[in-house]
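One-letter residues, chain by chain:
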Amino acid sequence: MSTAPAPVLPSAGRTPPVRRRRLDTATLAAAAVVGVFVLLALFGPLLAPHDPNAVDPLGVNAGSSAGHLLGTDDTGRDILSRILCGARASMAAPALVVLVSTAAGTALALCAAWFGGWTDRLVSGALDVVFGFPGLIMAVLAAAVFGPGLAAPVIALSIAYLPLVTRVVRAAALKERSLPYVSALGLLGASTPRIWLRHLLPNLAPLILVQATIGFGYALLDVAAVSFIGLGSQPPAPEWGLMVSNGAPGILTGQPQQSLYAGLMIVVLVIAVNLLGSGLSRRLPGGAA
Amino acid sequence: MSAAAPLLDIRGLRIDLPTGAGSATAVHRVDLALAAGEAAALVGESGSGKSLTARSVLRLLPPGAEVHGELRFAGESVPGMSRTRLREFRAGEVAMVFQDPRAHINPARSVGDFLVEGLTAARGVPVREARRRVEAVLQEVGIPDAERRMRQRPGELSGGLLQRVMIAAALAAEPKLLLADEPTTALDVTTQEEVMAIVTEAREARGLAMLFITHDLELAAAVCDRVVVMYAGSTVEELPSGALHHGAAHPYTRALLASRPSVGDTASGLRAIAGRPLSGFEVPAGCSFAPRCPRARDACRTDTPLLRAAGTGTSACHYPHITEEAEQRA
Amino acid sequence: MTASFLATRLTMLVVTVLVASLGIYGAFMLAPGDPATLLVGGARKPDPAVLDRIRAEYHLDDPFFAGWWHWFSGCLHGDFGRSLVYRDSVGHLIGERAGDTFALVAYAAVLVLVLGTAIGTVAALRGGRTEALLTAATSGVMAVPTFIMSVLLIWVFAVELPWFPVYGSGTGFGGTLSHLTLPAVALAVSWVGYVAQVTRTSVRTELRGEHVETARSRGVPESVVIRRHVLRNASGPIFAVSGVGIAGLIATTAVAEQAFGIGGLGALMIDAALKQDLAVVQAVSLLFVVLFVAVNTVVDLVSAALDPRTAQGGSR
Ligand SMILES: Nc1ncnc2c1ncn2[C@@H]1O[C@H](COP(=O)(O)OP(=O)(O)OP(=O)(O)O)[C@@H](O)[C@H]1O
Ligand SMILES: [Mg+2]
């Protein structure tokens with residue numbers, strides 16, 4: 001920020017001033033919930049009262065007790081410990097999906113918006129095709145090719161999510177590009193990478209952040225679904241989607257706790273992420289809804 | 001004015017609109033009477049409550065609005081109408097023409113659907129009969145290729161043509177009173193003239209009464225029998241069109257006349273009314289025009305003037321201009 | 001709707017399917033190891049003679065595009081190849097299972113359309129507390145994915161309250177209906193929420209429309225105003241998102257089928273993926289992509305027809 005001298009333009013130094021609205025209570029609460037989940041992902045294993053993979057043949061399918069607050073699963077593993085330890089496995093893969101698709105999508109969007117013409121048509125056309133390919137189907141296909149495990153679905157979903165990011169960022173970048181300050185910078189001799197990194201990206205960053213937040217909600221659900229159908233995380237990983245499916249037989253015999261608690265974690269996190277995303281997008285310039 | 005009960009009789013009309021906290025009065029005191037076949041113009045600055053007044057005749061006010069005072073149509077109280085009666089009343093006795101036909105005609109349906117709906121859905125006229133009547137009215141408002149136009153979408157018609165469609169829709173209902181809320185403001189000058197000529201002609205052919213809202217004083221005087229002036233939610237003066245230029249007694253009317261641009265006026269010759277127009281929400285005690293009035297005296301800031309005879313018309317002013325003409329008559 | 005709009009959308013449909021088929025076919029060229037091994041099913045140790053036969057049968061030694069064309073044109077003629085794992089023709093496997101998937105998706109689509117628009121309309125027209133309640137409920141439900149909803153529904157409506165059968169797809173119309181109710185609800189529910197929210201906002205917007213006021217000023221009965229002006233004008237966006245939802249059902253039917261043990265195409269694809277039976281996975285995923293894109297195209301065309309404003313290039 002402070003390494004280069006500011007260009008000699010009135011108010012073109014960086015972002016044109018944006019009216020900052022205060023975040024409302026719901027958004028702040030959602031942010032707090034997301035924060036707690038992030039802490040769980042970082043420190044979950046430290047909080048777990050038991051080894052998440054320690055089986056106990058004598059204490060299977062137990063209900064809540066002082067020793068096992070959320071009970072045990074069908075092999076006697078402590079559900080609370082598995083849920084706490086599972087935060088990392090459950091959130092890391094979707095985070096990776098969002099990171100990759102956002103980085104690649106932003107780069108594509110900037111190229112498309114900046115160079116226009118054939119580049120733009122090619123990028124937009126390719127994304128329309130990708131958009132015709134549902135993420136979950138792509139993930140199943142990838143799992144079939146590369147074998148079960150999280151790697152293949154993560155790659156597949158990263159590609160499937162590209163259009164989501166790119167379309168929005170491209171539209172915003174086009175608008176930004178047409179602002180007079182950008183051409184003024186070009187006239188002043190600022191290089192393209194410099195304009196991108198110091199002006200375009202910082203101005204687009206809030207929008208990209210909002211898109212990434214919304215994308216994380218989707219990715220969390222898709223990754224968990226892939227694990228649920230058996231093509232993602234493999235046992236005995238304490239991943240939430242996998243736990244929901246592991247617990248499914250128990251439901252029929254009256255032990256729904258494993259599925260329910262793991263499912264609850266997913267739903268609560270997704271609701272919080274969605275609220276946070278829409279709260280942040282309301283704060284974007286021009287974002288009313 | 002005829003001695004029989006007027007077609008439209010508004011007395012002491014007050015309209016309270018809901019606001020964030022409670023409600024506020026947007027229209028304070030409107031007195032207005034209109035005989036059958038008569039035309040009155042409602043003029044005044046933006047926000048003076050002209051549209052609200054016209055809408056109150058159809059009870060077409062924002063949800064939560066409260067209407068006080070008397071509002072009678074052919075002797076019948078409009079606020080007292082039942083739902084069914086109100087629908088009947090809207091469908092057959094009073095029709096409204098809005099300012100922006102592009103927004104006020106459903107863009108997703110055909111022009112024919114729009115025209116016919118007022119007869120079929122609102123009055124139960126069979127579709128075929130409704131089409132026949134509507135086509136005849138379209139001819140009358142100067143749309144010769146009625147059949148083709150009726151198949152088109154509003155988006156395919158020009159603004160002038162759409163406004164004719166709106167007028168045709170109003171006329172097709174064969175109402176007794178036409179409420180026209182700035183029907184020509186959105187049109188260019190030549191189209192404006194054409195549209196006004198159509199309205200006048202149709203009115204004369206049918207003996208249709210009209211309440212005509214406009215900002216154009218010349219136009220008001222040209223097409224209407226009387227001019228009613230509103231300021232900050234109240235009627236402040238009413239006078240025959242012919243007396244507008246020389247017989248205006250209220251300082252506000254005179255200021256309006258002085259501020260209006262006319263051919264030959266240079267920019268410097270234009271006199272804007274000093275101060276900011278008030279909306280009905282912010283009227284002070286006393287006369288609402290007092291803060292801007294060059295003739296205001298102490299009484300104006302404490303006592304609210306009511307309409308009373310002054311010159312050739314009525315005026316709500318403590319110290320009206322009494323013109324020579326009026327003095328001679330007195 | 002203009003002819004050029006139609007032509008553009010249809011071209012896009014064809015291009016998307018072609019590129020997707022290249023992607024699907026190319027995917028297994030990316031696979032680690034010998035594609036022929038994968039075709040036998042990754043798990044087993046294949047015998048070299050069998051591998052050679054497979055190579056010939058699948059034209060694996062042909063250049064990429066020739067091989068792709070052979071596969072793709074076969075698919076167009078209904079010849080999807082043979083599955084070595086299921087020891088059956090892929091076309092037959094698909095034919096046996098398509099009915100259940102179709103029934104499930106159709107059922108869920110009806111739920112999305114009917115419930116979504118009904119809830120949204122009621123919320124917008126009623127306003128006040130009803131609206132707040134329905135909005136909260138639909139937002140909550142949108143965050144519950146199919147697999148979790150499946151588990152919840154099984155727990156509540158099949159175990160705690162034994163109202164519905166848990167597994168399978170049933171026989172006869174009544175049997176199918178009762179077997180498919182829970183899976184269809186699980187599949188549809190988050191889209192119902194979404195469609196309801198979009199319906200609510202667009203009905204609200206249209207209610208404020210000036211043309212609605214005109215209709216009222218002419219004495220048109222309120223029910224007609226709602227139908228012909230409010231809902232009619234809101235139908236464009238409502239139909240557009242419902243269509244996205246229905247396409248989305250095609251993409252996630254696999255999850256519901258798996259959760260409720262319905263032997264449809266989705267379950268077949270998952271099972272084949274677990275067994276790494278690429279011939280089946282390729283054929284089924286191509287089918288899903290074609291359906292997904294076709295539904296999206298039809299929806300675009302219909303919503304353009306419903307809303308002349310979009311077909312004229314968005315300019316009013
Ligand atoms: N739906 C509404 N909700 C709240 N306030 C309103 C509404 N409609 C009108 N008002 C207010 O009532 C006052 C009178 O409005 P009205 O539309 O009658 O003015 P007008 O004389 O027709 O002005 P114009 O010449 O601009 O059309 C204004 O201050 C306006 O802001
Ligand atoms: Mg007005």
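Residues numbered from 1 in each chain as written. Chains lettered and ligands numbered in written order. Predicted model: local features only at pLDDT ≥ 70, side-chain atom pairs only at ≥ 80, totals over all residues. Heavy atoms only, no water.

Participant: Outline the overall build of chain B, supporting the account with residue identities and numerical values.
Facilitator: Check the secondary structure of chain B and you find 13 helices and 12 strands. The C-alpha atoms of chain B give 21 Å as radius of gyration, which agrees with the globular expectation for 330 residues (20 Å, within 12%). Structurally, chain B occupies a C-alpha span of about 65 × 50 × 45 Å along its principal axes. In chain B, buried positions account for 54% of the 330 residues. A total of about 14300 Å² of accessible surface is found on chain B, and carbon and sulfur atoms cover 51% of it. For chain B, the distance from the average site of its 37 positive side-chain charges to the average site of its 39 negative ones is 4 Å. (Helix = DSSP H or I, 4+ residues; strand = E, 2+ residues; numbered from the N terminus. Rg over C-alpha atoms; globule rule 2.2 N^0.38 Å. Buried < 20%, exposed > 50% of the residue type's maximum accessible area, 1.4 Å probe, protein only. Areas by Shrake-Rupley, 256 points an atom, 1.4 Å probe, with all protein chains shown as cover. Lys, Arg positive; Asp, Glu negative; His and termini not counted. Charge placed at Lys NZ, Arg CZ, Asp CG, Glu CD.)

Participant: Please provide a residue-by-residue account of the packing of helix H5 (residues 90–126) of chain C against helix H12 (residues 278–306) of chain C, values included.
Facilitator: Residue and element names in this part refer to chain C. Put simply, H5 and H12 touch, their axes get as near as 11 Å, and they point 45° apart. Classified by the interaxial angle, the pair formed by H5 and H12 is oblique. At the point where H5 passes H12, the crossing takes the right-handed sense. Contacts from Val90, Leu93, Ile94 and Thr101 of H5 reach H12 at Ala279, Val280, Ala283, Val284, Leu287 and Phe288. Across the contact of H5 with H12, the residue classes break down as nine nonpolar, one polar and no charged. (Axes fitted to C-alpha atoms, helices over the stretch in contact; angles between N-to-C directions. Parallel < 35°, antiparallel > 145°, perpendicular 65-115°, else oblique. Left-handed = near helix turned anticlockwise from the far one by under 90°. Contact = heavy atoms within 4.5 Å. Nonpolar A, V, L, I, M, F, W, Y, C, P; charged D, E, K, R; others polar.)

Participant: Break down helix H2 (residues 83–92) of chain B for me, citing the residues and quoting the values.
Facilitator: B:Arg85, B:Leu86, B:Phe89, B:Arg90, B:Ala91 and B:Gly92 are the residues of H2(B) that are buried. On its buried side, H2(B) packs onto helix H1 (50–58), strand E4 (66–73), strand E5 (76–77), strand E6 (94–97) and helix H4 (111–123) of chain B together with helix H9 (210–217) of chain C.

Participant: Describe the interface of chain A and chain C, naming the residues involved and giving the relevant values.
Facilitator: The interface of chain A with chain C comprises 35 residues on the first partner and 42 residues on the second. Summing both sides of the interface, chain A and chain C together bury roughly 3300 Å²; the carbon and sulfur share of this comes to 85%. The largest contributions to the chain A side of the interface with chain C come from A:Ile137, A:Val145 and A:Ile229, which together make up 17% of the buried area. One can count zero salt bridges joining chain A with chain C. (Buried area = accessible area lost by both parts, 1.4 Å probe. Salt bridge = Lys/Arg side-chain N within 4 Å of Asp/Glu carboxyl O.)

Participant: Provide a residue-level description of the confidence of the model for chain B, including the pertinent values.
Facilitator: Residue and element names in this part refer to chain B. Mean pLDDT over chain B: 86, with 92% of residues reaching 70 or higher. Mean pLDDT values for the elements of chain B range from 53 in helix H13 (residues 324–329) up to 95 in strand E8 (residues 209–213). With pTM at 0.82, the complex prediction returns an ipTM value of 0.86. (pLDDT = per-residue confidence, 0-100.)

Participant: Break down the pairing of E6(B) for me, citing the residues and quoting the values.
Facilitator: Residue and element names in this part refer to chain B. Burial along E6 is two-sided: Val94 and Met96 and Ala95 and Val97, pointing in opposite directions, are all buried. Bridge analysis of E6 against strand E7 (residues 177–181) gives four bridges, and the strand direction is parallel. Each bridged residue has a counterpart across the sheet, and for Val97 the counterpart in E7 is Ala180. (Pairing = 2+ DSSP bridges.)

Participant: For the state of the cysteines, give the residues involved together with the corresponding values.
Facilitator: All names here are of chain B. For the structure on display, the rule yields zero disulfides over all chains. Between Cys287, a free cysteine, and Cys300, which holds the nearest cysteine sulfur, the sulfur-to-sulfur gap is 6.0 Å. Of the residues examined, Cys287 reaches a relative accessible area of 11% and is grouped as buried. (Disulfide = S-S within 2.5 Å.)

Participant: Got a sec to walk through the packing of aromatic side chains? Specific residues and values, please.
Facilitator: Geometry of an aromatic ring pair is reported as the spacing of the ring centres plus the angle between the planes. Summed over all chains, the structure comprises 16 aromatic pairs over all chains. On the numbers, 6.3 Å between centres and 55° between planes, the contact of A:Phe115 with A:Trp196 is tilted. Taken together, the residues A:Phe115 in helix H2 (residues 79–115) and A:Trp196 in helix H8 (residues 192–228) connect sequence positions 81 residues apart. Classification of A:Phe115 by relative accessible area gives exposed; the value is 52%. Centre to centre, the rings of C:Trp69 and C:Phe72 are 6.3 Å apart; their planes meet at 50°, and the pair counts as tilted. Of this pair, C:Trp69 and C:Phe72 both sit in helix H4 (residues 64–76), three residues apart, which is roughly one turn of that helix. (Phe/Tyr/Trp six-rings, centres within 6.5 Å; stacked < 30°, edge-to-face > 60°.)

Participant: Can you tell me about the UniProt feature "transmembrane region" (unreviewed entry) in chain A, naming the residues and giving the values?
Facilitator: Residues and elements named next belong to chain A. Mapped onto the present numbering, the UniProt feature "transmembrane region" (unreviewed entry) falls on residues 28–48, 91–115, 122–144, 150–169, 204–231 and 259–277. When the span residues 122–144 is considered, its composition is 87% helix and 0% strand, and the gap between its end C-alpha atoms is 29 Å. Secondary structure content for residues 150–169 is 90% helix and 0% strand, and the end C-alpha separation is 28 Å. (UniProt positions renumbered as here; feature names shortened; annotations may be inferred.)

Participant: Let's hear about the interface of chain C and chain B: which residues, and what values?
Facilitator: Accessible area lost on assembly of the parts is the figure often given for the size of an interface. Contacts between chain C and chain B engage 19 residues on the former and 24 residues on the latter. By the criterion of area lost to chain B, the three top residues of chain C are C:Glu213, C:Ser217 and C:Arg218, representing 30% of everything that side buries. In this structure, the connection of chain C to chain B is made through two salt bridges. As a salt-bridge pair, C:Glu213 and B:Arg55 come within 2.4 Å of each other at their nearest N and O atoms. Secondary-structure elements contributing two or more residues to the side of chain C that touches chain B are H9, helix H10 (222–260) and helix H13 (308–311) of chain C. For the side of chain C that touches chain B, the element with the highest residue contribution is H9(C), accounting for seven residues. Partitioning the side of chain C that touches chain B into residue classes produces five nonpolar, six polar and eight charged.

Participant: Now, about the side chain of A:Gln257: what can you tell me, with residues and values included?
Facilitator: Residue and element names in this part refer to chain A. Tracing the backbone shows Gln257 in helix H10 (residues 257–283). Accessibility expressed as a relative area gives 14% for Gln257, which makes it buried. With sequence-adjacent residues up to four places away left out, Gln257 is seen in contact with Asn61, Ala62, Gly63, Leu70, Thr72 and Ile79.

Participant: So what's going on with unusual backbone geometry? Which residues, and what values?
Facilitator: A cis amide bond links A:Pro235 to the next residue, A:Pro236, at an omega of 5°. Mapped onto the secondary structure, A:Pro236 falls in the loop between H8 and helix H9 (240–252). Not every positive phi belongs to a glycine, and B:Arg59 is a case in point at roughly 55°. Within the secondary structure layout, B:Arg59 lies in the loop between H1 and E4. With a phi angle near 50°, B:Glu174 is a residue other than glycine that sits in the positive phi range. Within the element layout of this structure, B:Glu174 appears in the loop between helix H7 (159–172) and E7.

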